[in-house]
Amino acid sequence: MLEDKDFSLFITKIKEKTAIDLSQYKEAQMKRRLTTLRQKYGFDTFAAYWNGLEKDKKLMTEFLDRMTINVSEFWRNPSRWEAMEKKFLPEALKNNSRVKIWSAACSTGEEPYTISMIMAELGAHDRTSILATDLDNIVLQKAMQGVYQDRSVRDVPRNYMSKYFVKQGEDSLAVTPQLKRIISFKQQNLLHDTFDTGFDIIVCRNVMIYFTEEAKHLLYHKFSKALKPGGILFVGSTEQIFSPSQYNLESVETFFYRRKA
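Computed from a prediction, not measured in an experiment: that's the story for all the values here.

J.: Explain the overall build of the protein to me, please; I cannot follow it from the model alone.
T.: A count of helices and strands for the protein gives 10 helices and 10 strands. Taking 2.2 N^0.38 as the reference for a compact globule, 261 residues should give roughly 18 Å; the C-alpha atoms of the protein span a radius of gyration of 20 Å, in line with that estimate. For the C-alpha atoms alone, the extent of the protein along its principal axes is close to 60 × 50 × 25 Å. Out of the 261 residues belonging to the protein, those deemed buried represent 51%.

J.: Explain the nonpolar core to me, please; I cannot follow it from the model alone.
T.: Soluble, globular proteins show a tendency: their nonpolar side chains are buried together. Ranked by internal contacts, the top residues of the largest apolar core, which has 86 residues, are F10, L22, F63, W102, F223 and L233. In terms of residue count, the dominant contributor to this core is helix α5 (residues 78-95) (seven residues). A domain split of this core shows at least three residues from each of domain 1 (5-67) and domain 2 (78-259). F10 has contacts with L22, L34, F46, Y49, W50, L53 and F63, leaving out every residue within four places of it along the chain.

J.: Looking at this structure, how should I read the pairing of strand β9 (residues 249-253)?
T.: A regular strand places its side chains so that they alternate between the two faces of the sheet. Two strands pair when backbone bridges link them, and β9 and strand β10 (residues 256-259) are joined in this way by four bridges, in the antiparallel orientation. Pairing of E250 across the sheet is with R258, part of β10. The antiparallel pairing of β9 with β10 creates a hairpin that spans two residues between the two strands, and F255 there sits at a positive phi of about 75°.

J.: Is there a simple way to think about the sheet that holds strand β4 (residues 165-167) in this case?
T.: Backbone hydrogen bonds hold the strands of a sheet together, and the pairing may be parallel or antiparallel. Ordered by their spatial adjacency, three strands build an open sheet running β3-β5-β4, and the pairing between neighbours is antiparallel. Strand pairing shows two members of the sheet lacking a second neighbour, β3 (147-149) and β4, which therefore form its edges. Adjacent strand axes in the sheet meet at a mean angle of 35° when their direction is disregarded. Bridging between β4 and strand β5 (residues 172-175) involves three bridges; their strand directions are antiparallel. Bridge pairing links F165 to V175 in β5.

J.: Would you explain the packing of aromatic side chains in this entry?
T.: Between two aromatic rings, the relevant description is the distance of the centres plus the angle of the planes. Under the definition given, this model contains 22 aromatic pairs. With a centroid separation of 5.6 Å and 45° between ring planes, the pair formed by F43 and Y49 is classed as tilted. Here the two residues F43 and Y49 agree in accessibility, since each one is buried. Looking at K100, its charged tip hangs above the ring of F199, at a distance of 4.8 Å from the centre. Over the aromatic face of F195 sits the side chain of K222, whose NZ or CZ is 4.3 Å from the ring centroid.

J.: Looking at this model, I keep getting lost on helix α7 (residues 137-145). Mind explaining?
T.: Helical geometry note: an α-helix holds 3.6 residues per turn, so side chains three or four residues apart project in the same direction. Every buried residue belonging to α7 is among V139, L140 and A143, and all of these are buried. Each buried residue of α7 sits inside an arc of 105° when the element is viewed along its axis, so together they form one side. The opening residue of α7, the one whose side-chain oxygen lies 2.8 Å from the backbone nitrogen of I138, is D136. One or two steps after α7, the chain reaches G146, where phi turns positive at roughly 70°.

J.: Help me out: how do you make sense of the pattern of salt bridges in this one?
T.: If the charged atoms of two oppositely charged side chains come close together, the side chains can form a pair. Tallying each qualifying case throughout the model produces 12 salt bridges. Among the salt bridges present, the one from E121 reaches K163, with a minimum N-O distance of 3.0 Å. You can see E121 sitting in helix α6 (residues 110-121) and its partner K163 sitting in helix α8 (residues 158-164), a full 42 residues away along the chain. A relative accessible area of 47% places K163 in the partly exposed class. Residue E213 is joined to K216 by a salt bridge in which the shortest nitrogen-to-oxygen separation is 3.2 Å. Residue E213 and its partner K216 are located together in helix α10 (residues 213-226), separated by three residues, close to a single helical turn. On the basis of relative accessibility, which here comes to 55%, the residue E213 falls in the exposed class. Taken together, the shared-partner salt bridges in this structure form one network comprising R80, K87 and E253.

What counts, and where the lines are drawn
- Residues numbered from 1 in each chain as written.
- Predicted model: local features only at pLDDT ≥ 70, side-chain atom pairs only at ≥ 80, totals over all residues.
- Heavy atoms only, no water.
- Helix = DSSP H or I, 4+ residues; strand = E, 2+ residues; numbered from the N terminus.
- Rg over C-alpha atoms; globule rule 2.2 N^0.38 Å.
- Buried < 20%, exposed > 50% of the residue type's maximum accessible area, 1.4 Å probe, protein only.
- Core = buried A, V, L, I, M, F, W, Y, C linked by side-chain atoms within 4.5 Å.
- Domains from an automatic or database assignment.
- Contact = heavy atoms within 4.5 Å.
- Pairing = 2+ DSSP bridges.
- Axes fitted to C-alpha atoms, helices over the stretch in contact; angles between N-to-C directions.
- Phe/Tyr/Trp six-rings, centres within 6.5 Å; stacked < 30°, edge-to-face > 60°.
- Lys NZ or Arg CZ within 6 Å of the ring centre and 35° of its normal.
- Arc of directions from axis to C-beta.
- Polar contact = N/O pair within 3.5 Å; in protein donor to acceptor, adjacent residues only side chain to side chain.
- Salt bridge = Lys/Arg side-chain N within 4 Å of Asp/Glu carboxyl O.

Structure follows, in structure tokens:
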């Protein structure tokens, strides 16, 4: 009981300080991750860890980095990206003079750069804007740099590699400046902040699995409202939405949901 109270008070203080609500994350996963982190620095309780965070900016920065989930890849689940390239992005271009896309929880930037490459191949950069957001400012800085290790780009199609990456050092590559021009990077708390609206496509993949059912319910409603009627929500391979109609969405292909008119 004391241990539960210790963690609960920690959650309250973090929310007051940062507006990040840890109670919206699956407790067992989050508690395990943060227990490992506090023990790394010799704090016996979350109360002691909180005092340390208050006094040491580096500790707070590492805490914020550790509690966010930063896993991203270029062309993750290639067949789904093929659906984006062959069907949903061309459809959006056909129906709109300009296409507004949001990569939510973009991590280190692989996802928005993937979208930017596809739109360049479709000859539509001048008609496209991409918003890329994440809670973690550290990974956003890395995303803006756009430099990746060789292993990170292993699934990028060969024709894209030659056009949109340049060698930088022995084992890293940088995206071309062209890809960056249509992307705006911004720090955002999905659970706390209000969303922009009028998106043709929202991509939010492999993030919802870390949230509670209540938090997922809230976010799917927010995403639906942020889409234009007919707009597409693209989710991760383990994030099938059951009963999408409750969010005014309908399934149109595996992991793709369309907002109803």
